[in-house]
Amino acid sequence: MHGQQHAVSPHESFYRAYSAAQVDAIVDALGHRAEFPYELTYLGDGSEMWRESEVPSHPGRAPMLSDFDTLLTRHAERLLALAPPSSPVRIVDLGPGTTRPVRGLIRHLLDRSRLAGYHAIDISPEILDLAREHLRVDFPAHAERFELCRGDFTGPDLARVLAAGPASGHDGADPVRFVVLAGGTPYNFADPARLLRHVRHAMGDHDVLLLTLRIDTGVDRPPFMDEVSVGGPYKPQQLVGLDLLAVDRSWYVTETGFDRARSEVFVRARFLEPVTVTFDVGEDRRTVSFEPGETVLVWRYLYHDGAAVADQLTRCGLRVRLFEHGEDSQVVLVAATPAPGTAEPATAQPGETFSGRSDTATLGG
Ligand SMILES: C[S@@+](CC[C@H](N)C(=O)[O-])C[C@H]1O[C@@H](n2cnc3c(N)ncnc32)[C@H](O)[C@@H]1O
């Protein structure tokens, strides 16, 4: 016997956090591909977990740093060797989170008088506040070099943020841009190659793309790669999307597993009870229903080995220049530069973003 039908509507905070176009995108993703887009969990209340991740577990002590936080700094000199000698460097951080992964690199460039500016673009205003706070604390004398703007890097905002800033550095030389996609950001998207092509297309010939991500090294593979694990492991932020819809956690079980055909690790919710969520979309009401046994994907991560990561970058018009493992060998830093003659436009139509939105956010918001 299944329980009674649960009819819910998202909390008021949901409508405060998302634009009408974003609400539409969420309803479409739920209805058409049974997925809550993970990238949209960083907005509103969902950002709180990122704030908490910066709170040290022992008062008075800095948070523990992982390879994700140190790899860019550790290899800063080798990254600089990919830029023309003495050229100033502008960091363009796509989805900065708390900025923890790039602060060491910023410090390194400042110490060598090579920083021509730091620009960040993020879809979440709350994440941008958090990023701004951390930069202010760590670099109180350099606020004028930091520009953080709200926007969607899957669409035309990317070209705008890349073009931002003076055309030449403080000594008149043209700055090189280090375009950062840290923390595996592209690999949470349903189509990472599309994002990588879009970024490559927006890059100039001398720009360097810097990625940090977790790869499959064939060792220490999580057990759920062989068999779906019911009930975990998952991270609280992976359930934030359903929380925002007021879907109670007791109405579903989580499943963590590996989709071999797509090489994706995933977390999904499998409903135990029937649930109907009704959304107010402008003048309209839209409803999405889930029957017991149906699933909603709440998180995905393309879990490739090193060769597949490099292959994909090559197919996206990028040439891998550096590939370094962290102390945890699954965490890697990849630097890539545009391959000559591969500047053709990505497949997205002008003005179109990957989720079909073109009006979700604007720069400087
Ligand atoms: C996986 S987190 C990585 C954060 C940070 N780079 C790190 O390594 O800790 C992804 C970040 O990208 C942002 N983001 C996701 N999709 C985005 C989009 N389409 N446009 C702009 N920002 C986006 C999120 O808000 C979040 O800050």
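Residues numbered from 1 in each chain as written. Predicted model: local features only at pLDDT ≥ 70, side-chain atom pairs only at ≥ 80, totals over all residues. Heavy atoms only, no water.

Engineer: Please explain the packing of helix H4 (residues 67-74) against helix H6 (residues 100-111) as it appears in this structure.
Structural biologist: Between two packed helices, what matters for the description is the angle formed by their axes and the separation of those axes. Their axes nearest at 7 Å, the elements H4 and H6 cross at an angle of 20°. Judged by the angle between their axes, H4 and H6 are roughly parallel. Crossing of H4 over H6 shows right-handed handedness. Taking contact as the criterion, the partners of Phe68, Asp69, Leu72 and Thr73 in H4 are, on H6, Arg100, Pro101, Val102, Gly104 and Leu105. Considered class by class, the residues forming the contact of H4 with H6 number 5 nonpolar, 2 polar and 2 charged. (Axes fitted to C-alpha atoms, helices over the stretch in contact; angles between N-to-C directions. Helix = DSSP H or I, 4+ residues; strand = E, 2+ residues; numbered from the N terminus. Parallel < 35°, antiparallel > 145°, perpendicular 65-115°, else oblique. Left-handed = near helix turned anticlockwise from the far one by under 90°. Contact = heavy atoms within 4.5 Å. Nonpolar A, V, L, I, M, F, W, Y, C, P; charged D, E, K, R; others polar.)

Engineer: Teacher, can you tell me more about the sheet that holds strand E1 (residues 6-8) here?
Structural biologist: Adjacent strands of a sheet form backbone hydrogen bonds with each other and so pair up, either parallel or antiparallel. Across the sheet, which stays open at both edges, the 3 strands sit in the order E1-E10-E11 with mixed pairing between neighbours. At either margin of the open sheet sits one strand with a lone partner, and together these are E1 and strand E11 (284-290). Strand-to-strand twist in this sheet, taken as the mean axis angle between neighbours without regard to direction, amounts to 20°. Two strands pair when backbone bridges link them, and strand E10 (residues 275-281) and E11 are joined in this way by 7 bridges, in the antiparallel orientation. Opposite valine 277, over in E11, you have valine 288 as the bridge partner. Seen against the sheet, helix H2 (residues 20-33) touches E10 and E11 and runs at an angle of roughly 30° to E11. (Pairing = 2+ DSSP bridges.)

Engineer: Explanation requested: the sheet that holds strand E7 (residues 229-230) in the structure shown.
Structural biologist: Spatial ordering of the open sheet is given by E7-E8-E9-E12, a layout of 4 strands whose pairing is antiparallel. Of all the strands in the sheet, just E7 and strand E12 (295-302) have a single pairing partner and so form its edges. With 7 bridges connecting them, strand E9 (residues 264-271) and E12 associate as antiparallel partners. Across the sheet, the residue bridging to arginine 268 is leucine 297, located in E12.

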